[in-house]
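Letter by letter, the chains look like this.
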Amino acid sequence: MAKAAVVEENAALQKMKEPGKKLGDFLGDVRSEMRKVSTPSTAETRTTTAVVIVTVFAFAAYFWIVDFGINHSLNALITKLTQH
């Protein structure tokens, strides 16, 4: 009977330690992966930022032209269809 109580107590202690062990393993894995990360240099960051800004303005101009064309076409069509 006493032996069963000790076994149950050890099992309970193992279950209590298990979440802490999992957290420790996770944090160890995070640290290991973070060592593999390389940060870009200032020049790379500036180049990438410039590419993004130019691309955003190019897409904005494209969509403005398309919107202007569709708007102009629809206005002309509506005007033509509503004339008596």
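Just above, that's the structure.
Residues numbered from 1 in each chain as written. Predicted model: local features only at pLDDT ≥ 70, side-chain atom pairs only at ≥ 80, totals over all residues. Heavy atoms only, no water.

Student: I would appreciate a short explanation of the overall build of the protein in the present structure.
Tutor: In terms of helices and strands, the protein carries two helices and zero strands. Looking at the protein as a whole, 0% of its 84 residues are labelled buried. For the protein, the accessible area works out to roughly 8,200 Å², and carbon and sulfur atoms hold 68% of it. (Helix = DSSP H or I, 4+ residues; strand = E, 2+ residues; numbered from the N terminus. Buried < 20%, exposed > 50% of the residue type's maximum accessible area, 1.4 Å probe, protein only. Areas by Shrake-Rupley, 256 points an atom, 1.4 Å probe, with all protein chains shown as cover.)

Student: Teacher, can you tell me more about a nonpolar patch on the surface here?
Tutor: Together, F59, Y62, F63, V66, I70, L74, L77, I78 and L81 give the surface a local cluster of nonpolar side chains, amounting to about 920 Å² of exposed area. Turning to its location among the elements, L74 is positioned in helix α2 (residues 42-82). (Patch = residues over 30% accessible without salt bridge, like charges linked within 9 Å, V, L, I, M, F, W, Y side chains within 5 Å. Salt bridge = Lys/Arg side-chain N within 4 Å of Asp/Glu carboxyl O.)

Student: Even after reading the chapter, I still don't get the pattern of salt bridges, so can you show me in this structure?
Tutor: Side chains that differ in sign of charge can pair as their charged atoms come close. Under the definition given, this model contains two salt bridges. With a closest N to O distance of 3.2 Å, K21 and D25 form a salt bridge. Residue K21 and its partner D25 are both found in helix α1 (residues 2-36); the two are separated by four residues, about one turn of the helix. Using a relative accessible area of 54% as the deciding quantity, one classes K21 as exposed. The partner of E33 in a salt bridge is K36, and the shortest N-O contact between them spans 3.2 Å. Taken together, the positions of E33 and K36, both in helix α1 and three residues apart, correspond to about one turn of that helix. For E33, a relative accessible area of 45% puts it in the partly exposed group.

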